[in-house]
Amino acid sequence: MVDQTDGAVPDNSDQVFAIVGRFTRGPVDRAFAVNRSNLLQKTGPAEALRLNALNEAKLQVYEALQNGAYAAVVSRLVPAAAEKKWAMLRFEEAGTVAFAVSATQPSADYSLALLHHDCHNDGIILAVHADQTPVNGTPVANEYLTLRVLDADGAKLHEFYGSLSETAVNDFGASMYLPDVVARQTEAVEVVVATGASVPTNSVAYGRMNGDDRWATSSGLVCFDEGSIVYTPTDLDAAVARLRETELGFGYIISGGTGDTALIGKLAALAIEANVFFKVDLPGRLTPTEAMTLLETYAFDSHYIHVYWAPFEADDPLNGGRATWGTGGLIAGMSCARNARVNAKGFAPKNYPVAGKAHPVGRTGIRQNYRPTQQELSDLAALKINPVIFQTFNGGGRYVPTDSLTTAKTTVSFRKLQSVAEMTATLDNWVTLYARELLQSPMTVFIRKMKSFLDTLLSNAQASGWLVPSRNIDGVPALPGNAAFAYDVKASEVRPADLALVSYWTSCDGVVRQVIVEQTLTR
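Below is a short write-up of the structure. Quantities reported herein were computed from a predicted structural model and do not represent experimental measurements.

### Regarding the overall build of the protein
Piece 1. When helices and strands are tallied, the protein shows 10 helices and 27 strands.
Piece 2. Taking all 523 residues of the protein together, the buried fraction comes to 47%.
Piece 3. Restricting the contact set of the protein to residue pairs at least 6 apart, pairs at least 24 apart contribute 68%.

### Let's talk about the sheet that holds strand β2 (residues 32-34)
Sheet strands pair by backbone hydrogen bonding; their relative direction is either parallel or antiparallel.
Piece 1. With mixed pairing, the eight strands of this open sheet are ordered in space as β2-β3-β1-β16-β17-β18-β22-β23. A strand with exactly one partner marks an edge of an open sheet, and here the two such strands are β2 and β23 (396-401). Between one strand axis and the next, the sheet turns through 30° on average, direction left out of account.
Piece 2. Of the pairings in the sheet, the one linking strand β22 (residues 385-393) to β23 comprises six bridges and is antiparallel in character. Residue pairing in the sheet places valine 388 in a bridge with proline 401 of β23.
Piece 3. Relative to strand β1 (residues 16-21), helix α2 (residues 56-66) is tilted by about 170°, and along the sheet it contacts β1, β2, β3 (71-76), β16 (252-254) and β17 (277-282).
Piece 4. Sitting on the sheet, helix α9 (residues 418-437) is in contact with β16, β17, β18 (305-309) and β22, with an inclination near 150° to β17.

### Things to note about the sheet that holds strand β11 (residues 189-193)
Piece 1. Pairing is antiparallel across the open sheet formed by four strands, whose spatial order is β6-β5-β7-β11. Every other strand in the sheet has two partners, leaving β6 (97-102) and β11 as the edge strands with one partner each. Ignoring strand direction, the axes of neighbouring strands in this sheet form an average angle of 20°.
Piece 2. Strand direction decides the pairing type here: strand β5 (residues 86-91) and strand β7 (residues 112-116), joined by four bridges, are antiparallel. Counterpart to alanine 87 in the pairing with β7 is leucine 114.
Piece 3. Sheet contacts for helix α3 (residues 178-185): β7 and β11; angle to β11, the most-contacted strand, approximately 170°.

### A few points about the layout of surface pockets
Piece 1. In this structure, the largest pocket encloses a volume near 1000 Å³.
Piece 2. Surrounding the largest pocket, 39 residues form its lining, Thr402, Asp403, Val512, Arg513 and Gln514 being those nearest its centre.
Piece 3. Put simply, the parts of the chain that give the lining of the largest pocket at least two residues each are α8 (374-382) and β22.
Piece 4. The element that contributes the greatest number of residues to the lining of the largest pocket is β22, accounting for six residues.
Piece 5. Partitioned by chemical class, the residues of the lining of the largest pocket number 18 nonpolar, 14 polar and seven charged.

### Remarks on the nonpolar core
Piece 1. Ranked by internal contacts, the top residues of the largest apolar core, which has 36 residues, are Phe91, Leu114, Leu145, Leu147, Leu164, Leu178 and Val191.
Piece 2. Listing elements by their share of this core, those giving two or more residues are β5, β7, β8 (124-129), β9 (144-151), α3 and β11.
Piece 3. Residues contacting leucine 145, with those up to four places away along its chain left out, are Phe91, Val128, His129, Ala130, Phe160, Tyr161, Gly162, Leu164, Leu178 and Val199.
Piece 4. Listed in part, the 35 residues of the second largest apolar core include Val16, Leu77, Phe278 and Ile305.

### Brief notes about the packing of helix α4 (residues 233-245) against helix α5 (residues 261-274)
Piece 1. Orientation of α4 relative to α5, taken along the N-to-C sense of each, is 25°, at an axis distance of 10 Å. Considering their axes alone, α4 and α5 lie roughly parallel with respect to each other. For α4 against α5, the interelement crossing comes out right-handed. The segment α4 lies against α5, with Pro233, Leu236, Asp237, Val240, Leu243 and Arg244 engaging Ala262, Leu263, Lys266, Leu267, Leu270 and Glu273.
Piece 2. When its residues are assigned to classes, the contact of α4 with α5 shows eight nonpolar, no polar and four charged.

### As for the pairing of strand β19 (residues 312-315)
Piece 1. Where β19 lies against strand β21 (residues 367-368), two bridges are found, and the strand directions are antiparallel. Within β21, the residue paired with glutamate 313 across the bridge is arginine 367.
Piece 2. Sheet topology note: the β19/strand β20 (residues 322-323) ladder contains two bridges and is antiparallel. Looking at β20, one finds that aspartate 315 is bridged to arginine 322.
Piece 3. What sits between the antiparallel neighbours β19 and β20 is a turn of six residues, in which glycine 320 has the positive phi angle 80°.

### Concerning the packing of α9 against helix α10 (residues 443-463)
Piece 1. Where α9 meets α10, the axes come as close as 11 Å, and the angle between the chain directions of the two elements is 160°. Relative to α10, the element α9 is oriented roughly antiparallel. The two elements α9 and α10 cross, and the hand of that crossing is right-handed. Each of Leu427, Trp430, Val431, Tyr434 and Ala435 in α9 lies in contact with α10, whose residues at this interface are Phe446, Lys449, Met450, Phe453, Leu454, Leu457, Leu458 and Ala461.

### Digging into the packing of aromatic side chains
Piece 1. Tallied over the entire structure, the rule returns 11 aromatic pairs.
Piece 2. The interplanar angle of 15° and the centroid separation of 6.2 Å between the aromatic rings of tryptophan 430 and tryptophan 466 together place this pair among those described as stacked. Of this pair, tryptophan 430 sits in helix α9 while tryptophan 466 is found in the loop between α10 and β24 (472-473), placing the two residues 36 residues apart along the sequence.
Piece 3. On the accessibility criterion, tryptophan 430 (16% relative accessible area) is buried.
Piece 4. Here the aromatic rings of tyrosine 434 and phenylalanine 453 are separated by 4.1 Å at their centres, their planes lie at 15°, and the arrangement is stacked. On the criterion of sequence distance, the pair formed by tyrosine 434 in helix α9 and phenylalanine 453 in helix α10 is long-range, its members being 19 residues apart.

### Here's the deal with empty space enclosed by the protein
Piece 1. Throughout the structure, instances matching the rule amount to two cavities of 30 Å³ or more.
Piece 2. Within this model, the largest cavity holds a volume of roughly 60 Å³.
Piece 3. For the largest cavity, the full set of lining residues is Arg22, Phe23, Thr24, Pro45, Ala46, Glu47, Leu54, Asn55, Ala57 and Lys58.
Piece 4. Along the lines of polarity and charge, the residues of the lining of the largest cavity split into five nonpolar, two polar and three charged.
Piece 5. In this structure, the second largest cavity spans a volume of roughly 40 Å³.
Piece 6. Forming the boundary of the second largest cavity are Ser335, Arg338, Pro353, Val354, Gln418, Ser419 and Glu422.

So, how was this worked out
Residues numbered from 1 in each chain as written. Predicted model: local features only at pLDDT ≥ 70, side-chain atom pairs only at ≥ 80, totals over all residues. Heavy atoms only, no water. Helix = DSSP H or I, 4+ residues; strand = E, 2+ residues; numbered from the N terminus. Buried < 20%, exposed > 50% of the residue type's maximum accessible area, 1.4 Å probe, protein only. Contact = heavy atoms within 4.5 Å. Pairing = 2+ DSSP bridges. Axes fitted to C-alpha atoms, helices over the stretch in contact; angles between N-to-C directions. 1 Å grid on protein atoms, 1.4 Å probe; cavity = no way out; pocket = protein on both sides within 12 Å on 5 of 7 lines; lining within 4 Å. Points joined across faces, edges and corners; volume = space filled by probe spheres on them. Nonpolar A, V, L, I, M, F, W, Y, C, P; charged D, E, K, R; others polar. Core = buried A, V, L, I, M, F, W, Y, C linked by side-chain atoms within 4.5 Å. Parallel < 35°, antiparallel > 145°, perpendicular 65-115°, else oblique. Left-handed = near helix turned anticlockwise from the far one by under 90°. Phe/Tyr/Trp six-rings, centres within 6.5 Å; stacked < 30°, edge-to-face > 60°.

Shown next, in the form of structure tokens:
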């Protein structure tokens, strides 16, 4: 069958954000996804900011997920000295089951060993059970067992049923050898089994007692040693590289309140490289002058980077008590929520920035600790810092992001507007992804399909309010007929055999950041 119904549709990566931060659970060799329902189970229990400023990362992830983000992609920050350890169990002749932890893969004196790649600082619990076999008659040792992996709170993470025999298969010929069963189900657990192991009939993990299955359950087994929480440049590079290399898509990166200037610089570079947006927090405890001084050390100049300053404290929703933390995660979450509201043409209202009355900070017990003057607000805007402070509106006041500037060092260019940055980046993503779909097509087919795609895409962008008729420059229309867009697709004159050139021009709608109101009194 020849399928002519395929096409291009946007994914939901712009409803997902990423973060590099210190967490107490999660893989240390790859980035992983969390959502509202599994955040604490997958990243560890909440810990108060007053104990360690690094705990702000989890609080910001929580707030973003609660305010509209579909998921978060987490790269866990760990030192090179962090160490995984093996959890072991042994079925003993006396019927007991011995559990232990080993720094190296055991080679003797064990029945089963497990390596937990989700690396819980607070440890895991193992539980094992084997059914009586045969059900009626004289019991014999059983090579089949059920293995459960629980977290330190007793919540079940994984359950596996398999055999300790390498030759075991099911009715369809698939391996039932426990290490193979585990490998098919998850990347989070690795199991090795000793040759000839089985569950003896006198084991506390064998059969039933009083009608209930008998389980042998360990105490907490600490199988991961985080080491220190001091990170070298190499540790930072490794954490950022995990985001760069992940197959999980995301549209935003948040700084998570980190004060590590080296990490912020590396994440900013990744955002520009990946065509996504980086939400950076300046500490709310700083004065405007201090915040501006700190920003200047970063030397940002990009429409992909958005900086916020929120000088207030509020109730900590994860740990209780009072805390001051950034709003980058919150604003990323609200951006994700906005991006989920697409029209019939598949366009989200990205021409509306996440700022102003429509986007209040939904924290309880907010108390603003610094009230900037008009001169200070003007200075913050000049340096492209977006204050999140109290504003008065019809019907009352709210704490809101009061501006929507990028860090592009320009006064006039549309690149200074977050809405324009988001619209143009989205169009770039859609165009490049569709071009990738057409790779290895005949040149004439590529040109025809790409032109059709661009015409539809840009027309829909204009219909959705993203694009507006172009303006005149020195009395001459920026685009022919003051059109909102133009495009050109052609074969390269230098390499017409295999290189196509795609160019397009857009005229984006702006955003009202300031209003001048003048009243004239007449007779």
